[in-house]
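Residue strings, one per chain:
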Amino acid sequence: MKKDIPTMNDGSEIVRYNNIRIPYYVSEGKISWFENRRAICHWHNDFEIMRINSGHMHYYIDGKDIFLNPDDILLINSKHMHYGYEYGNEECDFICYLIDPMLLACNNTALYEKLILPIVDSGIPHWVLDCNYAAHQSALDMLDRIYSLNRAVPDNQVNHQQPDCSEYRSVQLFHNFIYDFYTSTSFVNENSGNSNNQALLRKMILYIYQNYKNDIQIDEIAGSVNISRTTCCKLFRTINSTPIGFLNHYRLELAHNLILHSDRNITSVALEVGFNDPGYFARRFKLKYGMSPKELAKSRS
């Protein structure tokens, strides 16, 4: 099972909530589900909570690498670039929680402006739960209860005589968790200390997402934020990539999705995502996915 993170053309993740009308998301995952055991760099408006069940994971947030251990809890602030990647060849099981900041304010604008917006605008990209904090186990329990409430239940085990209150209870637990998280002084607040460079990197990634169909080179990517080629490459190295490597990685993910979910021929797909040489596209595709575009198309049927 391989997993991609779908993104808009501004680089933000397309969040597929458990219920589209109740904007939160809960899902278990494994680092091995991602191509090359690494998620693509992205961001979204939602707060993200990572709860590590087993194994270890590196997590990149705005230029800082965080090492996560079993039972660690990480909260990522709204609109900050991030992605997880493997620790060696070790498997990592985790649960990812996303929640719309407006839902935490009960969809009340006044509450949002008073309580949530100062957090979003704080400039702090993430918080790490201090495992020495007395309520650490309570926080884990709350997250585990949210996960249990949102697991699929076989229809023969559903009590159709009672209303399903799982979503109501989940939102209540999210409120409790966030309240404890932000009001406790036992959490470590860490700023990347490099916000200007991260802003430049984010703008270059945005340029790639908006112009991937064109024949763009490093000079164009660097020029989009008026920096040199050398500085551009240095910033991309902070996410273990190169400008062109990131561009091609994104193009290949789009191509993979098009082949799986459309009937377009391979040459058309290659041109659509910015590869003018179908042979080069096929070689890069097989190197990344372990099969040719044609083989993937055949597996769809």
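Above: the structure in question.
Here we summarise the structure given alongside this text.

Reading the values: rules and limits
- Residues numbered from 1 in each chain as written.
- Predicted model: local features only at pLDDT ≥ 70, side-chain atom pairs only at ≥ 80, totals over all residues.
- Heavy atoms only, no water.
- Helix = DSSP H or I, 4+ residues; strand = E, 2+ residues; numbered from the N terminus.
- Buried < 20%, exposed > 50% of the residue type's maximum accessible area, 1.4 Å probe, protein only.
- Contact = heavy atoms within 4.5 Å.
- Polar contact = N/O pair within 3.5 Å; in protein donor to acceptor, adjacent residues only side chain to side chain.
- Pairing = 2+ DSSP bridges.
- Axes fitted to C-alpha atoms, helices over the stretch in contact; angles between N-to-C directions.

1. Observations concerning the environment of Tyr-24
Line of reasoning, step 1. Of note, Tyr-24 is situated in strand E1 (residues 24-30).
Line of reasoning, step 2. Look at Tyr-24 and you get buried, because its relative accessible area is 2%.
Line of reasoning, step 3. When the C-alpha atoms of Tyr-24 and Tyr-97 are compared, they prove to be 7.4 Å apart, with 73 residues separating the residues in sequence.
Line of reasoning, step 4. Once residues within four sequence positions are removed from consideration, Tyr-24 is found in contact with Tyr-17, Asn-18, Leu-98, Ile-99, Leu-103, Asn-150, Ser-166, Glu-167, Ser-170, Val-171 and Phe-174.
Line of reasoning, step 5. Within the structure, the side chain of Tyr-24 is placed 2.7 Å from the side chain of Asn-150, a separation counted as a polar contact.

2. Considerations on the sheet that holds strand E6 (residues 82-86)
Line of reasoning, step 1. Ordered in space as E4-E3-E6, the 3 strands form an open sheet in which the pairing is antiparallel. Each end of this open sheet is capped by a strand with a single partner; those strands are strand E4 (64-68) and E6. Strand-to-strand twist in this sheet, taken as the mean axis angle between neighbours without regard to direction, amounts to 25°.
Line of reasoning, step 2. Pairing analysis gives 5 bridges linking strand E3 (residues 57-61) to E6, with the strands arranged antiparallel. Bridge assignment links Tyr-60 to a residue of E6, and that residue is Tyr-83.

3. What to know about the side chain of Glu-48
Line of reasoning, step 1. Within the element layout of this structure, Glu-48 appears in strand E2 (residues 47-54).
Line of reasoning, step 2. Among the polar contacts listed, one links the side chain of Glu-48 to the side chain of Tyr-59, at a separation of 2.8 Å.
Line of reasoning, step 3. Leave out the neighbours within four places in its chain, and Glu-48 touches Tyr-59, Leu-74, Leu-75, Ile-76, His-82, Cys-96, Tyr-97 and Leu-98.

4. Considering the environment of Tyr-97
Line of reasoning, step 1. Relative to the helices and strands, Tyr-97 is located in strand E7 (residues 93-99).
Line of reasoning, step 2. For the pair Tyr-97 and Leu-75, spaced 22 residues apart in sequence, the C-alpha separation works out to 9.3 Å.
Line of reasoning, step 3. Once residues within four sequence positions are removed from consideration, Tyr-97 is found in contact with Tyr-25, Val-26, Phe-47, Glu-48, Ile-49, Arg-51, Leu-143, Asp-144, Ile-146, Tyr-147 and Phe-174.
Line of reasoning, step 4. Of the polar contacts made by the side chain of Tyr-97, one reaches the backbone oxygen of Leu-143; its length is 2.7 Å.

Everything listed is a geometric property; what it means functionally is a separate question.
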